[in-house]
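Structure assessment
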Amino acid sequence: METITEDVLDVVNAWAAAELEGDVEAYGALLIDDFQGIGPVGFVLDKARWAQRHLGDVVNEEFEILEPHLRQYGDTALVEAVQRQKTQARGHEASASFRVLIVLVRDDDRWLITNIQLSGPLIPPGDTASWLREQNR
């Protein structure tokens, strides 16, 4: 199990590095062909569109995966973590922390990311989401 954990987390860390650098080419070796990424406001992107967002729409100044928790079910691994980023998206501030679920599958002798889903941004315990505060005015 130790090697599997290291192998899966190596892929997650390589993905985080690609996000930080905006390395469009790196996604070819990290994401499965029918990959889907679901953003924090519900948009769904395929592999090509996930990579292409780095061609001007998204610029990460900081990007890290914190507190990864791995669960494995045969040839499928789930990594739940916190994604923290300092980001500009389409010229707008998009810096925040999100809860992220990364699903990986074993493809022969390597792990590939098949799905990423973000939720958030995270708010401090006891705080109220801004959209709820606005509704209650």
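Residues numbered from 1 in each chain as written. Predicted model: local features only at pLDDT ≥ 70, side-chain atom pairs only at ≥ 80, totals over all residues. Heavy atoms only, no water.

1. Here we look at the packing of aromatic side chains
Worth spelling out the cut-off: Aromatic rings from Phe, Tyr and Trp, taking only the six-membered ring of Trp, are treated as a pair when their centres fall within 6.5 Å; an angle between ring planes under 30 degrees marks them as stacked, one over 60 as edge-to-face, and anything in between as tilted. Secondary structure is summarised from DSSP: a helix means a run of H or I of at least four residues, a strand means a run of E of at least two, and numbering begins at the N terminus for each. Three labels apply to residues, based on accessible area from a 1.4 Å probe with only protein chains included: buried if under 20% of the type maximum, exposed if over 50%, partly exposed otherwise in between. Cation placement over rings: the criterion is NZ of Lys or CZ of Arg within 6 Å of the ring centroid and within 35° of the ring normal.
Under the definition given, this model contains two aromatic pairs. Judged by centre distance (5.4 Å) and plane angle (85 degrees), the ring pair of Trp 15 and Phe 63 falls under edge-to-face. Here Trp 15, found in helix H1 (residues 2-21), pairs with Phe 63, found in strand S3 (residues 58-73); they are 48 residues apart in sequence, far enough to count as distant. Across the pair, Phe 63 and Trp 15 agree in class, each one buried. Aromatic side chains Phe 35 and Trp 50 sit 5.5 Å apart centroid to centroid with 75 degrees between the ring planes, which places their arrangement in the edge-to-face category. Here Phe 35 is found in strand S1 (residues 31-38), whereas its partner Trp 50 is found in helix H3 (residues 47-52), with 15 residues between them in sequence. Judged on exposure class, the residue Phe 35 and its partner Trp 50 are both buried. The ring of Trp 50 carries Arg 53 above its face, with NZ or CZ at 4.0 Å from the centroid.

2. Quick look at the environment of Leu 45
What counts is decided by this rule: In this description, contact between two residues means that some pair of their heavy atoms is separated by no more than 4.5 Å.
Inspection of the secondary structure puts Leu 45 in strand S2 (residues 44-46). Among the residues examined, Leu 45 registers a relative accessible area of 9% and is labelled buried. Along the sequence, Leu 45 and Val 24 sit 21 residues apart, while their C-alpha atoms lie 14 Å from each other. Not counting chain neighbours up to four residues away, the residues in contact with Leu 45 comprise Phe 35, Gln 36, Gly 37, Trp 50 and Arg 53.

3. Observations regarding the pairing of strand S7 (residues 110-119)
Heads up, the condition is: At least two bridges found by DSSP between two strands is the condition for calling them paired.
Burial runs high along S7: seven of the ten residues are buried. In this structure, S1 lies alongside S7, joined through four bridges in parallel fashion. The partner of Ile 38 across the bridge, within S7, is Gln 117. Taken together, the nine bridges between strand S6 (residues 96-107) and S7 define a ladder with antiparallel strand orientation. Along S7, the bridge assignment pairs Val 103 with Asn 115. Connecting S6 to the next strand, S7, in antiparallel fashion are two residues, including Asp 108 with a positive phi near 60 degrees.

4. A word on the pattern of salt bridges
Rules: Salt bridges, as used here, are contacts in which a Lys or Arg side-chain nitrogen is within 4 Å of a carboxyl oxygen on Asp or Glu.
Under the definition given, this model contains eight salt bridges. Measuring nitrogen to oxygen at the nearest pair gives 2.5 Å for the salt bridge that ties Glu 19 to Arg 53. In this pair, Glu 19 sits in helix H1 while Arg 53 sits in the loop between H3 and S3, placing the two residues 34 residues apart along the sequence. Taking relative accessible area as the criterion, Arg 53 reaches 15% and is therefore assigned buried. Residue Glu 61 is joined to Lys 86 by a salt bridge in which the shortest nitrogen-to-oxygen separation is 3.4 Å. One end of the pair, Glu 61, is in strand S3; the other, Lys 86, is in strand S4 (residues 76-89), with 25 residues separating them in the sequence.

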